[in-house]
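One letter stands for each residue in the lines below.
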Amino acid sequence: QVQLVESGGGLVQPGGSLRLSCAASGSIFSIATMGWYRQAPGKQRDLVATISAGGSTNYADSVKGRFTISRDNAKNTVYLQMNNLKPEDTAVYYCNAYISTAQTTFMSYWGKGTLVTVSS
């Protein structure tokens with residue numbers, strides 16, 4: 001069984017920074033693309049950033065230049081460094097990963113989310 005657990009959310013003032021982490025655990029054989037998505041109140045869940053197993057990254061236009069996604073393959077962990085945060089970044093941030101196990105091919109897994117609130 002595979003689990004994704006996010007951490008690092010919280011309350012921060014505009015212009016501040018936060019670093020989110022997401023650790024995958026369980027009977028993991030291989031992890032392909034990992035990513036972060038977010039869902040603001042009353043809105044759909046949107047892509048924030050993704051990173052391939054080889055390190056290629058992709059960002060939403062709204063976070064380019066402010067957010068950086070990275071991963072530690074040895075720790076099965078993906079990170080999201082968020083700088084110059086704005087009130088419109090307020091949302092629940094979800095981790096996603098495509099993971100294969102000894103029993104299954106690659107499947108999409110989601111964490112339960114971590115709340116980021118940007119407010120003065």
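Preceding this paragraph is the structure being described.
Rules used throughout
- Residues numbered from 1 in each chain as written.
- Predicted model: local features only at pLDDT ≥ 70, side-chain atom pairs only at ≥ 80, totals over all residues.
- Heavy atoms only, no water.
- Helix = DSSP H or I, 4+ residues; strand = E, 2+ residues; numbered from the N terminus.
- Contact = heavy atoms within 4.5 Å.
- Areas by Shrake-Rupley, 256 points an atom, 1.4 Å probe, with all protein chains shown as cover.
- Lys, Arg positive; Asp, Glu negative; His and termini not counted.
- Charge placed at Lys NZ, Arg CZ, Asp CG, Glu CD.
- Phe/Tyr/Trp six-rings, centres within 6.5 Å; stacked < 30°, edge-to-face > 60°.
- Buried < 20%, exposed > 50% of the residue type's maximum accessible area, 1.4 Å probe, protein only.
- Lys NZ or Arg CZ within 6 Å of the ring centre and 35° of its normal.
- Pairing = 2+ DSSP bridges.

> Explanation requested: the overall build of the protein in the structure shown.
Counting its secondary structure elements, the protein contains zero helices and 11 strands. Counted from the first residue to the last, the protein has its helices and strands arranged as β-β-β-β-β-β-β-β-β-β-β. Counting only C-alpha atoms, the protein reaches 45 × 25 × 25 Å along its principal axes. Expressed as a percentage of contacts within the protein between residues at least 6 apart in sequence, the contacts between residues at least 24 apart total 54%. Split by element, the accessible area of the protein, about 6400 Å² in all, is 48% carbon and sulfur. Taken as two groups, the 10 positive and 6 negative side-chain charges of the protein have centres that lie 3 Å from each other.

> Teacher, can you tell me more about the packing of aromatic side chains here?
Here a ring pair, both rings aromatic, is described through the centre-centre distance and the interplanar angle of the planes. Tallied over the entire structure, the rule returns one aromatic pair. When the centroid spacing of 5.1 Å and the interplanar angle of 65 degrees are considered together, the rings of Tyr 37 and Trp 110 count as edge-to-face. Linking Tyr 37 in strand E4 (residues 28-39) with Trp 110 in strand E10 (residues 107-110), this pair joins segments that are 73 residues apart in sequence. Judged by relative accessible area, Trp 110 falls into the partly exposed class, the value being 38%. Looking at Arg 19, its charged tip hangs above the ring of Tyr 79, at a distance of 4.1 Å from the centre. Against the face of Trp 110 rests Arg 45, its NZ or CZ located 4.7 Å from the ring centre.

> Which parts of the structure should I look at to understand the pairing of strand E11 (residues 114-118)?
Regular strands have side chains that alternate between both faces of the sheet. Covered by surrounding structure in E11 are Thr 114, Val 116 and Val 118 only, the residues Leu 115 and Thr 117 on the alternate face being uncovered. Where strand E2 (residues 10-12) lies against E11, three bridges are found, and the strand directions are parallel. By the bridge assignment, Leu 11 is partnered in E11 with Thr 117.

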